[in-house]
There are 2 protein chains.
Amino acid sequence: MDSVRFTAETSSDGVLERDFTVAGVPGVLWSPASGSKSAPLILMGHTGGLHKRTPGIMARARHHVTGYGFTVAAIDAPGHGDRPRTAQDDQARDALLRARAAGEPIGPIVAEYNAALAERAVPEWQTALDALQALPEIGTEAPIGYSGITLGTAIGLHLAAVEPRITAATFGGVLVYEALIEAARQVTIPILFLLPWDDEEIDRRSDLALFDAFAAKEKTLHANPGRHNQTPRFEVDDEARFYARHLGAHVSSSSG
Amino acid sequence: MDSVRFTAETSSDGVLERDFTVAGVPGVLWSPASGSKSAPLILMGHTGGLHKRTPGIMARARHHVTGYGFTVAAIDAPGHGDRPRTAQDDQARDALLRARAAGEPIGPIVAEYNAALAERAVPEWQTALDALQALPEIGTEAPIGYSGITLGTAIGLHLAAVEPRITAATFGGVLVYEALIEAARQVTIPILFLLPWDDEEIDRRSDLALFDAFAAKEKTLHANPGRHNQTPRFEVDDEARFYARHLGAHVSSSSG
């Protein structure tokens, strides 16, 4: 089995931050410096074009670790961050740039690329999860959540549809394609869905239809004014409280 | 000026509950038994056909008082609870019963009656607010919020559009008519909007359009599976946290 190889380690303000690779995929693991045996593990998927250390992921990771005692892991999506690009990645990026420059809709290109990335990323997340569970401080008892918007939702939704170890998930603000709706119909775990109300690139009706498609009995939609990828600060704590409700609070929270 | 006349008082588990009347309108005031000088005051509007002591209002009042130190006030809407019915009330109720028995849509009847009730209720709330602010334990410094769903939203929305003393409000799940959309366009205070996703009597698209119409820069929609008037328990605390964010937390919360 592929195992976690730690490559760097820093610690500040009670948060231990460790770079790692699993089967060549680079990631970051954030955990309480005081230890975190079997604490809930939240997997975080970044947005399209970015990487495992986006400001949004960093803020959430620090909040969830210090406020709730969770462990947080992020990996680079295929063709993103510190990873090499394939011919498919280059073609998709070129097509996006051309469409943007020509003022043409990018939706179809993003949807097709996201679907392809999800196909590549799902087995990578499963390998990473196997390896993370082999770490003594995580183990197989830690409840597992997933959090991601845009590309992170596309990947996470396909992952959640086939991966029973994930038992709660935050999604949101994604370009919807038919296979995503199909995946949502398979997802029965509790869902928190974050919808930016004024997204200039996504028709909110398609995201409302995606929320409607989830088979989950417990699903909550939070919509706030804001454009693509904008989320009010208080939603970070709302997300942590959602995980605490469904995965169990590990330590008494400083803020919730 | 009409003043608050207290008619009964009980106290249990740290909550002082006082019945009152203002200008003939009966109400209930819940406050911390330990005192509540200038704590945020939340006005609560009940749903159509019910009264000031619905289970939903009782649960919210107790939670907000004990967890956040808020003061909560509810009054009976015109023609509801302990209040006499006018010919208009009787006609509307008869029309509703006939439509239900005949399997005809009740939407138009409810919308027309709600609009009429709002017209009667807005000045009553303003009179009650004047009188409540004259109480030494409330005063004119207490920040004021409003919370109501269905009929409570119709009344509260028209109230918030004309009453600058209300600076944050929770609305939700209401039969939408044009004057309500017009009122929402006047409302600039922060809004939390609770939408039951599976309401059998309200087209969710009309409530989404109402949420969209609010002029507020800070507005959040929370949608959850459930039928008319069903709200998950955790939304009670989400509401309190919303008021704490915008009106100020009065005491450190036991749960947030």
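Residues numbered from 1 in each chain as written. Chains lettered and ligands numbered in written order. Predicted model: local features only at pLDDT ≥ 70, side-chain atom pairs only at ≥ 80, totals over all residues. Heavy atoms only, no water.

Participant: What is the right way to read the overall build of chain A from this model?
Facilitator: Across its full length, chain A carries seven helices and nine strands. A globule of 256 residues ought to have a C-alpha radius of gyration of about 18 Å, and chain A, at 17 Å, matches this closely. Along the longest, intermediate and shortest principal axes, the C-alpha atoms of chain A span 50 × 35 × 30 Å. The 256 residues of chain A split such that 57% are buried. Partitioning the contacts of chain A with sequence separation of at least 6, the portion at a separation of at least 24 is 67%. With the model as given, the accessible surface of chain A reaches about 10500 Å², and the carbon-plus-sulfur share is 51%. (Helix = DSSP H or I, 4+ residues; strand = E, 2+ residues; numbered from the N terminus. Rg over C-alpha atoms; globule rule 2.2 N^0.38 Å. Buried < 20%, exposed > 50% of the residue type's maximum accessible area, 1.4 Å probe, protein only. Contact = heavy atoms within 4.5 Å. Areas by Shrake-Rupley, 256 points an atom, 1.4 Å probe, with all protein chains shown as cover.)

Participant: Would you take a moment to explain the relation of the copies chain A and chain B for this structure?
Facilitator: The two chain copies are related to each other by a rotation about an axis together with a translation along it. Between chain A and chain B, the superposition needs a rotation of 180 degrees and an axial shift of 0.0 Å, giving an RMSD of 0.0 Å. Here the copies are linked by what is in effect a two-fold axis. By residue overlap, the copies meet face to face through one surface: 100% of the interface positions of chain A are interface positions in chain B. (Least-squares fit on C-alpha atoms with pLDDT ≥ 70 in both.)

Participant: Any chance you could explain the interface of chain A and chain B here in plain terms?
Facilitator: Many structure descriptions define interface size as the accessible area lost when the parts assemble. Counting from both sides, the interface comprises 21 residues of chain A and, opposite them, 21 residues of chain B. Together chain A and chain B conceal approximately 1800 Å² of surface at their shared face, both sides included; 52% is due to carbon and sulfur atoms. The tally of links from chain A across to chain B stands at six salt bridges. Inspection of the region where chain A meets chain B yields eleven residue pairs in polar contact (both at pLDDT 80 or more). Contributions of two or more residues to the side of chain A that touches chain B are made by α6 (204–213), β9 (219–224) and α7 (234–247) of chain A. Its residues assigned to classes, the side of chain A that touches chain B shows seven nonpolar, five polar and nine charged. Pairing of β9 of chain A with strand β9 (residues 219–224) of chain B, which is carried by three bridges, proceeds in the antiparallel orientation. Bridge pairing in β9 of chain B places Ala223 of chain A opposite Leu221 of chain B. (Buried area = accessible area lost by both parts, 1.4 Å probe. Salt bridge = Lys/Arg side-chain N within 4 Å of Asp/Glu carboxyl O. Polar contact = N/O pair within 3.5 Å; in protein donor to acceptor, adjacent residues only side chain to side chain. Nonpolar A, V, L, I, M, F, W, Y, C, P; charged D, E, K, R; others polar. Pairing = 2+ DSSP bridges.)

Participant: Any chance you could explain the pattern of salt bridges here in plain terms?
Facilitator: When charged atoms on two side chains of opposite charge get close, those side chains can pair. Inspection of every chain in the model, using the stated rule, returns 35 salt bridges over all chains. The residue Arg241 of chain A makes a salt bridge to Asp237 of chain B at a minimum N-O spacing of 2.7 Å. Taken as a pair, Arg241 of chain A in helix α7 and Asp237 of chain B in helix α7 (residues 234–247) lie in two separate chains rather than in one. Residue classification places Arg241 of chain A among the buried residues on the basis of a relative accessible area of 12%.

Participant: Honestly, the packing of aromatic side chains in this entry has me stumped. Any pointers?
Facilitator: Two aromatic rings, taken as a pair, are described by how far apart their centres are and by the angle between their planes. Counted according to the given criterion, the structure contains 16 aromatic pairs over all chains. Consider the rings of Trp125 of chain B and Tyr146 of chain B, whose centres lie 5.9 Å apart with planes at 80 degrees: the pair is edge-to-face. Separated by 21 residues along the polypeptide, Trp125 of chain B in helix α3 (residues 107–133) and Tyr146 of chain B in strand β6 (residues 144–148) bring together distant segments of the chain. This pair shows no difference in class: Trp125 of chain B is buried, exactly as Tyr146 of chain B is. The structure contains a cluster of three or more aromatic residues connected by ring pairs, namely Trp125, Tyr146, Phe171, Phe193, Phe211 and Phe214 of chain A together with Trp197 of chain B. It is Arg245 of chain A that lies over the ring of Phe234 of chain B; its NZ or CZ is 3.6 Å from the centre. (Phe/Tyr/Trp six-rings, centres within 6.5 Å; stacked < 30°, edge-to-face > 60°. Lys NZ or Arg CZ within 6 Å of the ring centre and 35° of its normal.)

Participant: I tried to follow the packing of α7 of chain A against α7 of chain B on my own but got confused; where do I start?
Facilitator: How two helices sit against one another is set out by the angle between their axes and by the gap between those axes. Taken N-terminus to C-terminus, the directions of α7 of chain A and α7 of chain B make an angle of 155 degrees; their axes are 13 Å apart at the nearest point. In terms of their interaxial angle, α7 of chain A and α7 of chain B are classed as roughly antiparallel. The handedness of the crossing between α7 of chain A and α7 of chain B is right-handed. Where α7 of chain A approaches α7 of chain B, its residues Phe234, Asp237, Asp238, Arg241 and Arg245 of chain A are matched on the opposing element by Phe234, Asp237, Asp238, Arg241 and Arg245 of chain B. A breakdown of the residues in the contact of α7 of chain A with α7 of chain B according to their chemical character gives two nonpolar, no polar and eight charged. (Axes fitted to C-alpha atoms, helices over the stretch in contact; angles between N-to-C directions. Parallel < 35°, antiparallel > 145°, perpendicular 65-115°, else oblique. Left-handed = near helix turned anticlockwise from the far one by under 90°.)

Participant: Help me out: how do you make sense of the environment of His46 of chain B in this one?
Facilitator: Residue and element names in this part refer to chain B. Assignment of secondary structure puts His46 in the loop between β4 (41–45) and α1 (55–68). Using a relative accessible area of 4% as the deciding quantity, one classes His46 as buried. Through-space distance from the C-alpha of His46 to that of Tyr177 is 19 Å; in sequence the pair is 131 residues apart. With near-sequence residues (within four places) excluded, His46 lies in contact with His51, Lys52, Thr54, Ile57, Ile75, Asp76, Ala77, His80, Ile149, Leu151 and Gly152. Reaching out from His46, the side chain makes a polar contact with the backbone nitrogen of Ala77 at a distance of 2.9 Å.

Participant: Explain the nonpolar core to me, please; I cannot follow it from the model alone.
Facilitator: As a rule of thumb, nonpolar side chains are buried together in soluble globular proteins. Counting residues in each nonpolar core, the largest one holds 112 residues, and the members touching the most others are Leu43 and Leu132 of chain A together with Leu43 and Leu132 of chain B. Apart from the residues lying within four places of it in its own chain, the contact partners of Leu132 of chain B are Val4, Phe20, Leu29, Leu41, Leu43, Ala73, Ile138 and Gly139 of chain B. The next biggest cluster of nonpolar side chains, apart from the first, holds 20 residues, and it includes Met44, Tyr68, Ala74 and Ala240 of chain B. (Core = buried A, V, L, I, M, F, W, Y, C linked by side-chain atoms within 4.5 Å.)

Read these as spatial facts, not as claims about activity.
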